[in-house]
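Notes for the structure review
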Amino acid sequence: MNIHTIANHLNDLCDKSHTGLQFDCYPIDGEVEVLQVNIVGREEIPVFVSVTENQVLCISYLWGEDEVNQDRRLAMFETMLELNIPMPLSSFAKIDDKYVIYGALSVQSDMQEIELELSVLSDNCLEVIDEMVDYLK
Amino acid sequence: MGILNKILTAFRGGATEVGQSIVDANSTRIFEQEIRDAENHLTKAKRELTDVMAKEMQASREVDRLKRSISEHEGYATQALEKENETLAMEVAEKISQLDQELAEQESANANFTAHATRLKDLVRKTERQLTDYQRQLSMVKTTESVQKATASITDSFAGSSSKLLNAKDSLERIKARQQQFDDRLVAAEQLADENSDKSLHDKLAEAGIGEQKSNANAVLDRLKARK
């Protein structure tokens, strides 16, 4: 399992997608290879996929620290903790100065599970931004 | 103190900057070597355990055999005594005493094997537990580093291209606007389809001569003839 097998699968899906979403994949070069997965109609919020020894990590950026209304930061944290369990398959996290939601799967996962993960992560992302926009500037 | 603490310390110390590692590559390699050593110990301990457990089973069977033999000979001795054959009884008693000694030796050996097996089982459990924990810690370090490197790849990629990550509000608005447009188009297409299906029904009715009739040349000619 690597990002290329995932990319090939998603690019070949076309209308055979199980989730009703269409994916466009672009590998990003670097020390760790990352796959940028654009979902048709939601290109502004891509999902980034990387594969480590034992897990497949899918990450979507929500917003940067600079977008957060600092007076409501604590309330935002509480909401994130409260939503963490109800939100299916994804969790909140912070990388550097960016808030993200992510999902981690075993490298043994099959392609349909990865497809579902990506679709749920993207849905979660849109819903989270919509719900939490009050905490932003 | 676990690896989590090291990771947090590195974060707080600003080690999240590109190129800086949580734990230097050398200590990761040492850690991986420790894991391999622990795995080797575990394999050896498991092999030894199998060996000791086999010996324990063997000793246990021998103990059973000796116990059976002793009780058998005790029967013989009793019978000899009943027949007042003191000499034979004495001979059997000597045999029993010899068997007793053997039994004591076997039981002691058995107890030793059992104790040894228990010690090895504890060791295996402890090593397995430690190995799982080492692997968990190594996975944490590797994942953290991988995410940092992945983030660096993403950042570089967006810095070098015309596309960029928009802020959350704008992104959502654009996606919603596009979705609305799509929905509107879908509604429009449905309306159009409805109108078309109305039209086809209308055509069928006309064909059957029901409803408003179209004027045609024949009808005009008929009308003119009728005026005559």
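In this report, we go over the structure that sits alongside the text.

Conventions we followed
Residues numbered from 1 in each chain as written. Chains lettered and ligands numbered in written order. Predicted model: local features only at pLDDT ≥ 70, side-chain atom pairs only at ≥ 80, totals over all residues. Heavy atoms only, no water. Contact = heavy atoms within 4.5 Å. Buried area = accessible area lost by both parts, 1.4 Å probe. Salt bridge = Lys/Arg side-chain N within 4 Å of Asp/Glu carboxyl O. Helix = DSSP H or I, 4+ residues; strand = E, 2+ residues; numbered from the N terminus. Nonpolar A, V, L, I, M, F, W, Y, C, P; charged D, E, K, R; others polar. Disulfide = S-S within 2.5 Å. Buried < 20%, exposed > 50% of the residue type's maximum accessible area, 1.4 Å probe, protein only. Patch = residues over 30% accessible without salt bridge, like charges linked within 9 Å, V, L, I, M, F, W, Y side chains within 5 Å. Areas by Shrake-Rupley, 256 points an atom, 1.4 Å probe, with all protein chains shown as cover. Pairing = 2+ DSSP bridges. Axes fitted to C-alpha atoms, helices over the stretch in contact; angles between N-to-C directions. Core = buried A, V, L, I, M, F, W, Y, C linked by side-chain atoms within 4.5 Å. Parallel < 35°, antiparallel > 145°, perpendicular 65-115°, else oblique. Left-handed = near helix turned anticlockwise from the far one by under 90°. Expected span 1.5 Å × (residues − 1). Polar contact = N/O pair within 3.5 Å; in protein donor to acceptor, adjacent residues only side chain to side chain.

With respect to the interface of chain B and chain A
Interface size is commonly expressed as the accessible area that is lost once the parts come together. Contact with chain B, which involves 24 residues of that partner, is made by 33 residues of chain A. In total, chain B and chain A occlude about 2400 Å² of area from one another, counting both sides; carbon and sulfur atoms represent 64% of this. Seen at the junction of chain B and chain A, the total is 6 salt bridges. A salt bridge links glutamate 44 of chain A to arginine 174 of chain B; the nearest nitrogen and oxygen atoms lie 3.1 Å apart. Among the secondary structure elements, those contributing two or more residues to the side of chain B that touches chain A are helix 3 (86-159) and helix 4 (168-207) of chain B. Per element, the largest residue contribution to the side of chain B that touches chain A is 12 residues, and it comes from helix 3 of chain B. Looking at the side of chain B that touches chain A residue by residue, the classes come out as 9 nonpolar, 9 polar and 6 charged.

Focus on the environment of asparagine 54 of chain A
For asparagine 54 of chain A, the position within the fold is in the loop between strand 3 (47-51) and strand 4 (55-64). Measuring from C-alpha to C-alpha, the distance between asparagine 54 of chain A and glutamine 70 of chain A comes to 37 Å, with 16 residues separating the pair along the chain. When sequence neighbours within four positions are dropped, the list of residues in contact with asparagine 54 of chain A reads Leu105, Ser106 and Val107 of chain A together with Ser139 of chain B.

Examining the state of the cysteines
Covalent bonding between the sulfur atoms of two cysteines is what defines a disulfide. All names here are of chain A. Tallying each qualifying case throughout the model produces 0 disulfides over all chains. Free cysteine: cysteine 25, not disulfide-bonded; nearest cysteine sulfur from cysteine 58 at 11 Å. Taking relative accessible area as the criterion, cysteine 25 reaches 8% and is therefore assigned buried. Cysteine 58 supplies the cysteine sulfur nearest to cysteine 125, a cysteine that is in no disulfide, at a spacing of 12 Å. Taking the relative accessible area as the measure of exposure, cysteine 125 reaches 1% and is therefore buried.

Comments concerning a nonpolar patch on the surface
All names here are of chain B. On the surface, a cluster of nonpolar side chains totalling about 270 Å² of accessible area is made up of Leu4, Leu8 and Phe11. Counting through the fold element by element, phenylalanine 11 comes out in helix 1 (residues 3-12). We classify phenylalanine 11 as partly exposed; its relative accessible area is 33%.

Some remarks on the sheet that holds strand 1 (residues 23-28) of chain A
What holds strands together in a sheet is hydrogen bonding between their backbones, with the strands either parallel or antiparallel. Residue and element names in this part refer to chain A. Sheet architecture is open: 6 strands sit in the order 1-2-3-4-6-5, paired in antiparallel fashion. The strands lining the two open edges of the sheet, one partner per strand, are strand 1 and strand 5 (91-95). Between one strand axis and the next, the sheet turns through 30 degrees on average, direction left out of account. Inspection of the sheet shows strand 5 paired to strand 6 (residues 98-106) by 5 bridges, in the antiparallel sense. Bridge pairing in strand 6 places phenylalanine 92 opposite isoleucine 101. Across the sheet, helix 2 (residues 73-84) is in contact with strand 4, strand 5 and strand 6; its angle to strand 5 comes to roughly 135 degrees.

Some details on the nonpolar core
Counting residues in hydrophobic clusters, the biggest one holds 40 residues, and the most contacted among them are Val37, Val49, Leu62, Trp63 and Leu118 of chain A. Looking at which element gives the most residues to this core, the answer is helix 3 (residues 111-132) of chain A, with 8 residues.

Some remarks on the side chain of glutamine 137 of chain B
Within the secondary structure layout, glutamine 137 of chain B lies in helix 3. Glutamine 137 of chain B has contacts with Ile3 and Phe31 of chain B, leaving out every residue within four places of it along the chain.

Observations concerning the packing of helix 2 (residues 25-82) of chain B against helix 3 of chain B
In helix packing, the relevant descriptors are the interaxial angle and the interaxial distance, both defined with respect to the helix axes. Residue and element names in this part refer to chain B. The N-to-C vectors of helix 2 and helix 3 enclose an angle of 160 degrees; their axes lie 6 Å apart at closest approach. Here helix 2 lies roughly antiparallel to helix 3, going by the angle between them. Note that helix 2 runs across helix 3; the crossing there is left-handed. Taken together, the residues that form the contact of helix 2 with helix 3 break down as 31 nonpolar, 11 polar and 19 charged.

As for helix 4 of chain B
With 40 residues, helix 4 of chain B extends 58 Å between its outermost C-alpha atoms, agreeing within 8% with the 58 Å of an ideal straight helix rising 1.5 Å per residue. Buried within helix 4 of chain B are the following residues: Ala168, Ser171, Leu172 and Ile175 of chain B. Summarising the contacts, the buried residues of helix 4 of chain B are in contact with strand 4 and helix 3 of chain A. Of the residues that open helix 4 of chain B, the one with a side-chain oxygen 3.2 Å from the backbone nitrogen of lysine 169 of chain B is asparagine 167 of chain B. In the stretch just after helix 4 of chain B, glycine 209 of chain B is the one whose phi turns positive, near 75 degrees.

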